[in-house]
Amino acid sequence: MSALVRMRLAGFLRTGRALAPVLAGLLALGILYGGGRARPAEAYGVSAVVLFPVLAWQAKILLDVEPDVQRRLAMVSVGPAREWIAGLLAALAAGVGTVLVALGFPWLVGGVTTPGPGDLPVVAALALGLWAHLLALLPAVALGALASRALTRTAGYGVAVLAVGAVGTLALGLRGSVAPWLVPPVLTTARVLAGSLPAGTALLLSGWALAWAGVALTGYAWWRRTRP
């Protein structure tokens, strides 16, 4: 299965499909940090919100790179479950690369303040930033999988699923939303990082994101069984 993961990543990179989401992410981050400096934890929370649709789009692109015939051959060769898992692992690996760029970007462009007395040290701020972006990455990969061609069959339906998922995550994640539990806690995490982060809240948000991603990926696996 590791060979299939490497093959998916190689196809994603060598075909140049990786360029579009990377440029979109850098553009979004440039606009975000061009508006002024902020505390690292707060900036990372907003960065995770901004990158959520980019990460979902990146996952969709990676999963769509492989031709349908090649995907079916892989299912026959390694089994359906391993083929699905390899694609998801490749999408996660690509997403981790984007997250690492997002963690270092604000320090390179001066978009965050230098920690002073009473502020979190740099290592702690980076740890919080990594946590916030991973909370966005897992649901984003799940959303990208639901929008992939293997399920939606057409580009139009895929874009529609991606757009509804991304816009719905932002709309239902607003403060006072009637059903915030329907979407991953991307905006909630950003609000929490703008203040303090109790340990209990961190665990709750982590469980929420994992549960949402788990439900979405379960639906993806079920749908792939019915639509090989």
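Quantities reported herein were computed from a predicted structural model and do not represent experimental measurements.

1. Here we look at helix α4 (residues 68-78)
Turning to α4, its buried residues are Arg71, Ala74 and Met75. The arc that holds the buried residues of α4, viewed along the axis, is 100°, so those residues lie on one side. α4 presents Val69, Leu73, Val76 and Ser77 as exposed residues on the side facing more than 90 degrees away from its buried surface. A positive backbone phi angle near 100° is found at Gly79, which sits one or two residues after α4.

2. Quick notes on the packing of helix α5 (residues 80-109) against helix α6 (residues 122-146)
Axis separation between α5 and α6 bottoms out at 9 Å; the angle between their running directions is 145°. The two elements α5 and α6 meet at a crossing, and its hand is right-handed. Only Val122, Leu126, Gly129, Leu130, His133, Leu137, Leu138, Val141 and Ala145 of α6 make contact with α5, whose side of the interface consists of Leu88, Ala91, Leu92, Gly95, Val96, Val99, Ala102, Leu103 and Trp107. Grouping the constituent residues of the contact of α5 with α6 by class yields 15 nonpolar, three polar and no charged.

3. Some thoughts on the pattern of salt bridges
Taken as a whole and assessed by the stated rule, the structure comprises five salt bridges. A salt bridge links Arg8 to Glu83; the nearest nitrogen and oxygen atoms lie 2.5 Å apart. Taken together, the residues Arg8 in helix α1 (residues 2-14) and Glu83 in helix α5 connect sequence positions 75 residues apart. This pair shows no difference in class: Arg8 is buried, exactly as Glu83 is. A salt bridge links Arg224 to Glu83; the nearest nitrogen and oxygen atoms lie 2.8 Å apart. In this pair, Arg224 sits in helix α10 (residues 199-226) while Glu83 sits in helix α5, placing the two residues 141 residues apart along the sequence. Exposure remark for Arg224: the relative accessible area of 2% places this residue in the buried category. Residue classification places Glu83 among the buried positions, given a relative accessible area of 2%.

4. Describing a nonpolar patch on the surface
Among the surface-exposed residues, Leu19, Val22, Leu23, Leu26 and Val101 lie close enough to one another that they form a single nonpolar patch of about 420 Å² accessible area. At four residues, helix α2 (residues 19-33) tops the list of elements feeding residues into the nonpolar patch. Here Val22 is to be found in helix α2. Judged by its relative accessible area of 38%, Val22 falls in the partly exposed class.

5. Remarks on the environment of Leu27
Relative to the elements of secondary structure, Leu27 occurs in helix α2. Take Leu27: its relative accessible area is 55%, and that puts it in the exposed class. Separated by 180 residues in sequence, Leu27 and Gly207 have C-alpha atoms that sit 31 Å apart.

6. Comments concerning the UniProt feature "transmembrane region" (unreviewed entry) in the chain
The positions UniProt marks with the feature "transmembrane region" (unreviewed entry) are residues 44-63, 84-108, 120-147, 159-183 and 203-223. Helix makes up 100% of residues 203-223 and strand 0%. Its end C-alpha atoms lie 30 Å apart.

7. So, the nonpolar core
One finds Phe12, Tyr33, Leu62, Trp131 and Tyr220 to be the most contacted residues of the largest nonpolar core, which totals 61 residues. Contributions of two or more residues to this core are made by α1, α2, α3 (40-65), α4, α5, α6, α9 (186-193) and α10. Tallying contributions element by element places α3 first for this core, with 15 residues. Aside from chain neighbours lying at most four places away, what touches Leu62 is Arg8, Leu9, Phe12, Gly87, Ala90, Ala91 and Ala94.

The rules we used
- Residues numbered from 1 in each chain as written.
- Predicted model: local features only at pLDDT ≥ 70, side-chain atom pairs only at ≥ 80, totals over all residues.
- Heavy atoms only, no water.
- Buried < 20%, exposed > 50% of the residue type's maximum accessible area, 1.4 Å probe, protein only.
- Helix = DSSP H or I, 4+ residues; strand = E, 2+ residues; numbered from the N terminus.
- Arc of directions from axis to C-beta.
- Axes fitted to C-alpha atoms, helices over the stretch in contact; angles between N-to-C directions.
- Left-handed = near helix turned anticlockwise from the far one by under 90°.
- Contact = heavy atoms within 4.5 Å.
- Nonpolar A, V, L, I, M, F, W, Y, C, P; charged D, E, K, R; others polar.
- Salt bridge = Lys/Arg side-chain N within 4 Å of Asp/Glu carboxyl O.
- Patch = residues over 30% accessible without salt bridge, like charges linked within 9 Å, V, L, I, M, F, W, Y side chains within 5 Å.
- Areas by Shrake-Rupley, 256 points an atom, 1.4 Å probe, with all protein chains shown as cover.
- UniProt positions renumbered as here; feature names shortened; annotations may be inferred.
- Core = buried A, V, L, I, M, F, W, Y, C linked by side-chain atoms within 4.5 Å.

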